[in-house]
Structures are given as C-alpha cells and as structure tokens.
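Each chain, letter by letter, is given below.
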Amino acid sequence: MSPVTRAVLGVVGLGGSLAVLIYLAAVLDRVIGHRVAQQPLRWSAALALPAREAARLVLQQRSRTERSDAEAWALAPALLAAAAAASVAVIPFGPAAAVADVDAGLALYVAAIALVMVAVFLHGWSPNSVYPLIGAYRFVAVTLSFQVPLALVLLATALPAESLSVSAIVQAQDGLWNVVRQPLGLPIFLATGLGAAFWGPLALPDADDLAGGTRAEVSGVPLLLWRAAQLAVLVSIAAMSAAAFLGGWRGPWLPGVVWLGLKTLAVLVVLLLAGHLLARVRQESFVVFGWVVLIPLALVDVFLSGILLL
Amino acid sequence: MRAALARLAADSPVPIFVLAGQGAAGRVDGLRLDPRLRLVDSPRAASLLLVAGRLPRSWLRPALRIHAQMPHPRVTVWWPLGYAPRSLERRFAGVVRVAAQEDVAAVLVRLQQALLRRERASEPDLLPDVDPAPWRGVGPYGQGGKGMTGGVPFGRPLATRAADRDGLELDFLPIRVGPFFPPLPVGLVLELRSQGDLLQEARVVEPAPGRPLPGDVDPVFLRALAEPVPLAALERARARHHLRWLAGMLRFHGLHALAGRALALAEAALVGAAAVRALGRLLERTLALGWATRGVGIVPPEQLRGQPLGPVARAAGLAEDARSVDPAYRALGFTPVTHREGDAHARWRQRLAEAAQALELAERAGDRLLAGGEGVVEAPRGRLTAGGATASPLLELLPALLAGQEWGDAMATVVSLDLPPVEPVQGASGVAA
C-alpha cells in the first residue's frame, strides 16, 4: 500500500469510527437518562432521536451576537473536534495498527487533550457575552487540577512498557492488564477524563447554573458541532481507558478491533452513568480535591509502578 | 435534501423556552414530563417561545428581548391559563393562542412541524436591531473609564478595576440577571458585580423593597385560612410543592434524569411516602450532591427566629411550625422535622423529609380529618396568616448571603431558599408562601 492510500484509509477509518461511536454515545446517553428517570423509551425511538435532533439543528439559523469574534467562534468546535480526533488517532486497534502509531503516542495524546482548554476558552470568550465568558473562566481555573493527574496516570502505564508508544503499552498488557497492575490508574483517569470532556459532574464551563455556559449563545449547526465534538472527547477518553488500562485490542476469539470497540463502549456507559448520577462539583472544592487528593494519588501510582519494575 | 431533513426533524422533541407568568409554574412543570417537548435553558436553543399565564406589563420588554435572541425559524405561543392580557397580543404580533380545551403540547408539535416544512413563516424581529444606547466614552470603541477600561459603549458596561478579596486591583464586571434567568424564580432581578466568577456584590433590583410576595401557593392553603379543609389535601399539596422544588434543584445541579423522577412523583395522583423515601436514599447516596450543597449558603438561626420561613427555618434547627398547635395535627402526633446545619444541603434534605412526612400524614389522616380554619396555616414556604402580607424576609438577607460566593454557589443558594415568584397572586394574603 502506498503511503497516500494508507493516509486516506486512516483518515476515513478514523472519521467513520469516531462518527459511529459519537452517535452510539448520544443514543446510550438518552437510554441511560430514561432508565435513571424510570421513564420508558423504546430502543427504536432512542436510535432515531439523535438523528432527528441533528436534522433540526441543521435547519436552524446560527445565532450572532453583538461584536463577537466570529472567526474564533467558528473555530472553537472545529478545534475541539480536531483535538479529539488527533488524540484518538494514536490508539491502536490491532498489533502495531493505529492511524498514527507514533513512538511518543502518549505525549501526543496528552498534548491533544490539553488543547481542549483552548477550544473551550475560545468558545466562551468569542461570543462577547456574560454567561459564556464566566464558563470559560471557570474551565481555565479548574483545568490544571485534572490535566496533571490525567497525564501522570497515563505516564505510569508507560513504565512497564518502557515506551511512550500506545501500541507498546497494549503489548505490555499481555497476561496482566494495567487495571490490575496499577489499580489507582483507571479510576483517576476516568474521574479526570470527565473533566477533559467537561461532562456530567465536571460540566463546569457548560453548566446549568449559567444557562448553558459557553454554549448559551450558540444555535444551529455550530451547536450541533459543539455537542458532537464534546462527545468525541468523551469517546477518546473511553478509548484511551480501554487501550491503556483494559488491554486494548487484546481478547480471545473476536478480532482486535471488536474488542477495542466493546471495551470503549463499556467505559462510555460508566462515564455516561456518572453524568446522570453525580451532581456538578463545586469549583473551589474540586480544585482542592485535585491538588490535595488526585495529584498525590497519581504520583503514588507512578512511584508504585516504578518500584514494581525494580 | 432540505425536505428530507425537515421530515427527519419533524418528530424531534420541540425545544421551547418558557416565560412562566402568573399562575403558570405548576402547569409548566407538567410539560417537562412530556416526551414530545424539551424545555431549554437558553432562548438560543429554542424554536418556540411559550408565554404561560399572565405576564405583568413590566416584563414585556424583557420578554421581547428574549424573543429577539431566538434563532429562526421561530414562533411565539401564548397559553393564557385563564388570563387575558390584550397588551401581549399587541406587542407579540402573530402570537399563536392556545385555546382552553386544546392540548398545548400537541399545538407546539404542530407548530414546529409547520415551521420545518415552511408552511408557516418564521416570526420576524419585534424589536429594532439597533444598539440599545448610543456610544459613550472617549476611545475609538466607546471605551474610556479608568485606565482605558470601563465605560459604557452601546449601553453595555465594560469591565473596570476594583480591589478583590486578596487586595489586588482586578477587573470587575457588572451583571444584571433576571427576570427570566432559568435558575432564579421568575421576576427576580439581581444586579451583581463579579470578578471572574466570584461575586463581590449583589443587589436585589426587583422586587422593590417591602413588596409583598405571597407567591403561587396552592389554593388549598388559602382556603385553609378561612375554613377547615381535609388535612390529607393540605399535606398532599405540600408534598407536591416540595417535590416540584426538588426537581428544579436537581436540574440546577445537572441531574436532569433524577429531576424527571422527582417530578413524576410530584405529578402522580397518589404517591406513597415509600417512593419519596426511596428517592431520598438514592440522593443521599449520591455523594456528589452532598459535595455540591454542603456548607453552601448558610443562614444562621438567629436571622430566622420568629420569621414565617417554614422549611428554611427548620433546616437551621428552629422547630417553628404552625401545624404544631393545630388540634388535628396533634391528634396524629405531629412533630416537626428539623435539620441543624442551615445550609443548602440541610434545606434539600429538610424538604425531602417534609414531603415524605406529609404523605405519611395524609395516609394516616384519611378523608375525614379536617384542619385549618383558624386564620393561620403552615404553607410549603412557611406560615401564612390572614391579611398579614409583608415582603419575604429572605430577600433582605440575599445580598449578604451572595456576596463573596462563587457564581455556582451563589445560584445554588438562591435555588435552595425556594423564593416565591415575584408577582403577587390576586386575593391572596400572607407572607412568603
């Protein structure tokens, strides 16, 4: 296969599978929401619902505000989606088979997730409106508190693999998954991953107490893109959980890509359930929790992983 | 392509932004359970604007500004609920009126479909698309306060400098919220000064000081002022009020699915105390709801003593309840539930416990036991007395409570106090119902 064909196949495959997973996440979120609310929802209706809402948003006018930074406003959802796609690209779906199987895949992943902050801040700042701006401030205020432990627990998974390549990390889980080897890793990664996707208890920039926060002024296609890009980040967190902690594509009988998909969906269900059962955290207590509990625990995770290798 | 999209979109839940006027709060809660509708918290996300009940004249201007923020295609629907203000139809040209016997959800669905199929034209702007005020200030963009920050270009106050809690000179931003900001009770207008998302100062603009606020109390409580009514009816109405409030609080904290469950309990005709207690146990176990509310908006009991503030006072440890002296309640062995902490956490647990207790009282009282008729009744928001209307004392406490809190905590405090909507109900008399 020529490099060009490989690249085209990679981009199409990545975009396609990401789109399918985003849609499934949207369906699952509605199904779980109705279960928690104890209200009936037929699967057929649940499957069609995100498509119907997307169609309505496509037909809706995009809003404009007074003296907005129009370019930055349009860029924000694209940047968020690009960050999510770049982060998913390093996740292998078979032996040495990732869209971007780079040596420093883990570093690329963390860098892409860090860009989420830029996208959210742009999205809140550019409409020139109060509630989005407060949402943007908020996200910047809490970002470090979850980004640092998120990067640390991922780094710990690189130690047994002796490589920053995500493929090597999956290979190193032959026989023993990291979720067992590093029991602190996955819970911390999921908790901080909710922050990266600003979802559920950590939906601080897009919160209900700000009438929607950074998306309070958005309608039509940009709103659709923003929601899809946010789900893409959530999917990326779930896929990385599967790769770094749950053995990635490893599993008996079924092909590797199916195993990766199943594990990603299982983690997605946990994340979505957390969104329906955990109230939004208070910003200041979360920052304290991040620096006093999460970061020290993540450091303990790194040290224990290192000691086990000696 | 467009037609195919319109067909696909026709059955999506209708996103509506509701302006709940007088006498509409309970009816609007009923709409939230309808799967055909979705009540959204920003007019930008809505296709239909639903005006429910009576809008006082002074709210028309804010309502028109909400309308101006809605994206096309859009339409305004008026659900009169027995009120007939002509001024509304004059200002909202082309408003669709829901007839008394019509199913409002069906009307909304039909209108969305007509809009999507272009059988109905989108409503044009009702306000002129101009800057709300001329340029002021000295700079090329109208700025021109201290150090080239501040000023009021286009009537929009810009950030300017002020000392923060650490003694630094930081930008502060004046913000006006209300009267239709979803987390706040309808009609409440606050003027806030924020630094980042920290509120330095809060002021109540509306209602004006000293205005009576009887609020939208269930009519059975007003009847109980004058004549004995079935105790079970009083207690069921109390449980319904608290569960509706609980649903609103859960929505505020991002728990929309659990809010749906609380609301379903509130709207169910005959719900047992066991179901309410089960929901309470689930919420207690959801540790994060404790994190979100514990220590937020503490009102010390000294500020509440002797005030007719019902659950807010009892959540701070004051066992003040007009039911304690009612012979019918004493026959049932009623003792008021209390909590001690006086924070938002104690207040939601207080109301949840009172809702369960009310349903138990209703079950034990049966149909025959009567209560009230003595000119005093314990309503869901506190004691009502015949003819004794004064302003809600909580509104006076609000500025001191909110100053120094982060935005989220400040709004959580307002939500936890269950302030009544601002417009008074005709014929009602009482305090902070």
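See the structure shown above.
Small disclaimer: the values here were computed from a predicted structure and weren't measured.

A few words on the overall build of chain A. Secondary structure assignment for chain A yields 11 helices and 0 strands. Looking at chain A residue by residue over its 310 residues, the buried ones come to 54%. Sequence separation of 24 or more characterises 76% of the internal contacts of chain A that already satisfy a separation of 6 or more. For chain A, the computed accessible surface area is about 12300 Å², with 73% contributed by carbon and sulfur atoms. Side-chain charges in chain A split into 17 positive and 15 negative, and the spacing between the mean points of these groups amounts to 10 Å.

What describes a pair of aromatic rings is the distance from one ring centre to the other and the angle between the planes of the rings. Tallied over the entire structure, the rule returns 10 aromatic pairs over all chains. Between Phe-139 of chain A and Phe-198 of chain A the ring centres are 5.8 Å apart and the planes differ by 75°, which places this aromatic pair in the edge-to-face class. Here Phe-139 of chain A, found in helix H5 (residues 130–161), pairs with Phe-198 of chain A, found in the loop between helix H8 (185–196) and helix H9 (220–245); they are 59 residues apart in sequence, far enough to count as distant. Accessibility expressed as a relative area gives 0% for Phe-198 of chain A, which makes it buried. Ring geometry for Phe-181 of chain B against Trp-407 of chain B: centres 6.2 Å apart, planes inclined by 80°, an arrangement best described as edge-to-face. Of this pair, Phe-181 of chain B sits in the loop between strand E7 (169–177) and strand E8 (189–195) while Trp-407 of chain B sits in helix H15 (residues 407–417), placing them 226 residues apart in sequence.

The full count for this structure, using the stated rule, is 7 cavities of 30 Å³ or more. Looking at the largest cavity, its volume works out to about 130 Å³. Lining the largest cavity are 15 residues, with Asp-209, Val-281 and Arg-282 of chain A together with Gly-408 and Asp-409 of chain B sitting closest to its centre. Counted by class, the lining of the largest cavity contains 5 nonpolar, 3 polar and 7 charged residues.

To continue, consider the nonpolar core. Counting 149 residues, the largest nonpolar core has Met-240 of chain A together with Leu-246, Leu-250, Leu-304, Leu-398 and Trp-407 of chain B as the members making the most contacts within it. Examining the composition of this core, we find that 15 residues originate from one element, H9 of chain A, more than from any other. The residues touching Trp-407 of chain B, leaving out its near neighbours within four places in the chain, are Tyr-131, Ile-134, Arg-138, Asp-209 and Leu-210 of chain A together with Ile-175, Val-177, Phe-181, Leu-192, Asp-197 and Leu-199 of chain B. In this structure, Leu-37, Met-70, Val-98 and Val-109 of chain B belong to the second largest nonpolar core, which totals 45 residues.

At the junction of the two partners, chain B supplies 59 residues and chain A supplies 46 residues. Summed over both sides, the interface of chain B with chain A buries roughly 4500 Å², with 54% coming from carbon and sulfur. Here Arg-44 of chain B and Glu-217 of chain A are joined by a salt bridge, their closest N and O atoms 2.6 Å apart. Put simply, chain B and chain A have 13 residue pairs in polar contact (both at pLDDT 80 or more) between them. If you list the elements that add at least two residues to the side of chain B that touches chain A, you get helix H1 (2–9), helix H5 (104–116), E7, helix H7 (231–252), helix H8 (256–267), helix H10 (287–293) and H15 of chain B. For the side of chain B that touches chain A, the class distribution of residues is 32 nonpolar, 12 polar and 15 charged.

Moving on, we get to the side chain of Ser-63 of chain A. Looking at the secondary structure, you find Ser-63 of chain A in the loop between helix H2 (43–58) and helix H3 (70–89). Given the relative accessible area of 11%, Ser-63 of chain A is considered buried. At 2.6 Å, the side chain of Ser-63 of chain A forms a polar contact with the backbone oxygen of Glu-217 of chain A. Sequence-distant contacts of Ser-63 of chain A, defined by excluding residues within four places in its chain, comprise Trp-73, Glu-217, Val-218 and Ser-219 of chain A together with Arg-44 of chain B.

Further remarks concern helix H2 (residues 25–32) of chain B. For H2 of chain B, every residue scored as buried is listed here: Val-28, Asp-29 and Leu-31 of chain B. An end-on view of H2 of chain B places all buried positions within 150° of arc, on one side of the element.

Attention shifts here to the packing of H3 of chain A against helix H4 (residues 105–125) of chain A. All names here are of chain A. Where H3 contacts H4, the two axes come as close as 8 Å, and the packing angle between them is 165°. Between H3 and H4, the angle is such that the two are roughly antiparallel. When you trace H3 past H4, the crossing you get is left-handed. Facing Ala-72, Trp-73, Leu-75, Ala-76, Pro-77, Leu-79, Leu-80, Ala-83, Ala-86 and Ser-87 of H3, the residues of H4 in contact are Leu-108, Tyr-109, Ala-112, Ile-113, Leu-115, Val-116, Val-118, Ala-119, Leu-122 and His-123. Broken down by class, the residue content of the contact of H3 with H4 amounts to 18 nonpolar, 2 polar and no charged.

Here we take up the side chain of Asp-301 of chain A. All names here are of chain A. Within the fold, Asp-301 resides in helix H11 (residues 283–309). Arg-181 provides the closest opposite charge to the buried, salt-bridge-free Asp-301, at an N-O distance of 10 Å. Excluding residues within four positions of it along the chain, Asp-301 makes contact with Val-153, Ala-156, Gln-182, Leu-184 and Gly-185.

Okay, the environment of Asp-321 of chain B next. All names here are of chain B. In this structure, Asp-321 sits in the loop between helix H11 (310–314) and helix H12 (327–331). The contact partners of Asp-321, leaving out residues within four places of it in the chain, are Arg-314, Phe-334, Pro-336 and Glu-378. Within polar-contact distance, the side chain of Asp-321 engages the side chain of Arg-314 at 3.2 Å.

Let us look at the pattern of salt bridges. Side chains carrying opposite charge are able to pair once their charged atoms draw close together. Residue and element names in this part refer to chain B. The tally for this structure, following the rule as stated, stands at 29 salt bridges over all chains. For Arg-238, the salt bridge identified is with Glu-235, shortest N-O distance 3.1 Å. Of this pair, Arg-238 and Glu-235 both sit in helix H7, separated by 3 residues, roughly a single helical turn. Considered together, Arg-238 and Glu-235 belong to a single accessibility category, that of buried residues. The network of salt bridges with common partners includes Glu-235, Arg-238, Arg-314, Asp-321, Arg-323, Glu-354 and Glu-378.

The next thing to look at is unusual backbone geometry. Residue Pro-73 of chain B is bonded to the preceding His-72 of chain B through a cis peptide linkage, with omega at -5°. A positive phi is found at Ala-211 of chain A, a non-glycine position, where the angle reads about 55°. Secondary-structure assignment places Ala-211 of chain A in the loop between H8 and H9. Positioned with a positive phi, Arg-118 of chain B is a non-glycine residue whose angle comes to about 65°. Judged by its relative accessible area of 62%, Arg-118 of chain B falls in the exposed class.

Conventions and cut-offs
- Residues numbered from 1 in each chain as written.
- Chains lettered and ligands numbered in written order.
- Predicted model: local features only at pLDDT ≥ 70, side-chain atom pairs only at ≥ 80, totals over all residues.
- Heavy atoms only, no water.
- Helix = DSSP H or I, 4+ residues; strand = E, 2+ residues; numbered from the N terminus.
- Buried < 20%, exposed > 50% of the residue type's maximum accessible area, 1.4 Å probe, protein only.
- Contact = heavy atoms within 4.5 Å.
- Areas by Shrake-Rupley, 256 points an atom, 1.4 Å probe, with all protein chains shown as cover.
- Lys, Arg positive; Asp, Glu negative; His and termini not counted.
- Charge placed at Lys NZ, Arg CZ, Asp CG, Glu CD.
- Phe/Tyr/Trp six-rings, centres within 6.5 Å; stacked < 30°, edge-to-face > 60°.
- 1 Å grid on protein atoms, 1.4 Å probe; cavity = no way out; pocket = protein on both sides within 12 Å on 5 of 7 lines; lining within 4 Å.
- Points joined across faces, edges and corners; volume = space filled by probe spheres on them.
- Nonpolar A, V, L, I, M, F, W, Y, C, P; charged D, E, K, R; others polar.
- Core = buried A, V, L, I, M, F, W, Y, C linked by side-chain atoms within 4.5 Å.
- Buried area = accessible area lost by both parts, 1.4 Å probe.
- Salt bridge = Lys/Arg side-chain N within 4 Å of Asp/Glu carboxyl O.
- Polar contact = N/O pair within 3.5 Å; in protein donor to acceptor, adjacent residues only side chain to side chain.
- Arc of directions from axis to C-beta.
- Axes fitted to C-alpha atoms, helices over the stretch in contact; angles between N-to-C directions.
- Parallel < 35°, antiparallel > 145°, perpendicular 65-115°, else oblique.
- Left-handed = near helix turned anticlockwise from the far one by under 90°.

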